[in-house]
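Observations on chain architecture
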2 protein chains.
Amino acid sequence: MNVHHAETETLLTPSEVASLFRVDPKTVTRWAKAGKLSSIRTLGGHRRYLESEVRDLLGGVPQQQRPEDS
Amino acid sequence: MNVHHAETETLLTPSEVASLFRVDPKTVTRWAKAGKLSSIRTLGGHRRYLESEVRDLLGGVPQQQRPEDS
DNA sequence: GCCCAGTAGGGTAATTTGGGGG
DNA sequence: GATGTCCAAATTACCCTACTGG
């Protein structure tokens, strides 16, 4: 059981997530709006993202597509 | 296990890789599909490429060092 | 309260994707 | 076999102004 408490979860800012994916911060916002990425809201309305989820979505290890995969 | 920190890896866009190789961006996509080049996907399906791998594939051509990397 | 980099929001260009044919 | 081009649709980047975070 590795259930971490939310308060111990590291949060990332939009620009930090954007840098990891090499996209614009606005694009990360669209992902959150589209439900592709979960987000926490500050009391002022700014979004924060779960580092663990972002790392998971990054895939960690890039993959090479196989030529004969159809 | 040798899990590299892909999240610290600098990523390149398709057009950037295409410019470095002096080919059409579509050609870079074909390289990725053929498994000749590893790639990461954004949540929207766009590909991002590892700068280190691209540099390596460029064949030992000395690259211009950037003055500031922060 | 002021400062200012970052973010939200909305709108418009630019890029990328995938397929097909040369 | 590999590459460049055309097409339509989807995704992303850049523009602005106003507000939040520290």
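About the thresholds
Residues numbered from 1 in each chain as written. Chains lettered and ligands numbered in written order. Predicted model: local features only at pLDDT ≥ 70, side-chain atom pairs only at ≥ 80, totals over all residues. Heavy atoms only, no water. Near = heavy atom within 4 Å. Polar contact = N/O pair within 3.5 Å; in protein donor to acceptor, adjacent residues only side chain to side chain. Helix = DSSP H or I, 4+ residues; strand = E, 2+ residues; numbered from the N terminus. Nonpolar A, V, L, I, M, F, W, Y, C, P; charged D, E, K, R; others polar. UniProt positions renumbered as here; feature names shortened; annotations may be inferred. Buried < 20%, exposed > 50% of the residue type's maximum accessible area, 1.4 Å probe, protein only. Arc of directions from axis to C-beta. Core = buried A, V, L, I, M, F, W, Y, C linked by side-chain atoms within 4.5 Å. Contact = heavy atoms within 4.5 Å.

1. Looking at the protein's contact with DNA strand D
- In the vicinity of DNA strand D there are 21 residues, among which A:D24, A:T27, B:T27, B:R30 and B:T42 approach most closely.
- Taking all atoms of DNA strand D within 4 Å of the protein, the share assigned to sugar and phosphate is 68%.
- Residue A:T27 places a side-chain N or O atom 2.4 Å away from a phosphate oxygen belonging to DNA strand D.
- Between DNA strand D and A:R30 there is a distance of 3.0 Å, counted from a base nitrogen to a side-chain nitrogen or oxygen.
- Every element with two or more residues in the surface near DNA strand D is listed here: α2 (25-33) of chain A together with α2 (25-33) of chain B.
- Classifying every residue of the surface near DNA strand D by side-chain character gives 5 nonpolar, 8 polar and 8 charged.

2. A short note on the UniProt feature "domain: Helix-turn-helix" (unreviewed entry) in chain A
- Mapped onto this structure's residue numbering, the UniProt feature "domain: Helix-turn-helix" (unreviewed entry) falls at residues 11-58 of chain A.
- Across residues 11-58 of chain A one finds 52% helix and 19% strand; the C-alpha atoms that close the span lie 16 Å apart.

3. Thoughts on helix α1 (residues 14-21) of chain A
Residues and elements named next belong to chain A.
- Among the residues making up α1, those that are buried are P14, V17, A18, L20 and F21. End-on, the buried residues of α1 take up no more than an arc of 160 degrees, which puts them together on one face.
- Following α1 by one or two positions, R22 has its phi on the positive side, about 60 degrees.

4. Examining the nonpolar core
- Among the nonpolar cores identified, the biggest contains 13 residues, and A:V17, A:F21, A:V28, A:L37, A:Y49 and A:V54 are the most heavily contacted of them.
- Contributions of two or more residues to this core are made by α1, α2 and α3 (51-58) of chain A.
- Ranked by residues supplied to this core, first place goes to α1(A) with 4 residues.
- Once residues within four sequence positions are removed from consideration, A:V17 is found in contact with A:L12, A:V28, A:L37, A:Y49 and A:V54.
- Grouped together as the second largest cluster of nonpolar side chains are 9 residues, B:L12, B:A18, B:L37 and B:L58 included.

5. Here's the deal with the side chain of B:T29
Residues and elements named next belong to chain B.
- On the secondary structure map, T29 appears in helix α2.
- Look at T29 and you get buried, because its relative accessible area is 15%.
- Once residues lying within four places of it in the same chain are set aside, the contact partners of T29 are R47 and Y49.

6. Quick notes on the protein's contact with DNA strand C
- The immediate surroundings of DNA strand C are formed by 20 residues, with A:K26, A:R47, B:S15, B:K26 and B:R47 found nearest.
- For DNA strand C, the fraction of atoms within 4 Å of the protein that belong to sugar or phosphate moieties is 67%.
- Here a phosphate oxygen of DNA strand C and a backbone polar atom of A:P14 are 3.2 Å apart.
- In the model, a phosphate oxygen of DNA strand C is placed 3.0 Å from a nitrogen or oxygen of the A:T29 side chain.
- Listing elements by their share of the surface near DNA strand C, those giving two or more residues are α1 and α2 of chain A together with α1 (14-21) and α2 of chain B.
- Per-class residue counts for the surface near DNA strand C are 2 nonpolar, 10 polar and 8 charged.

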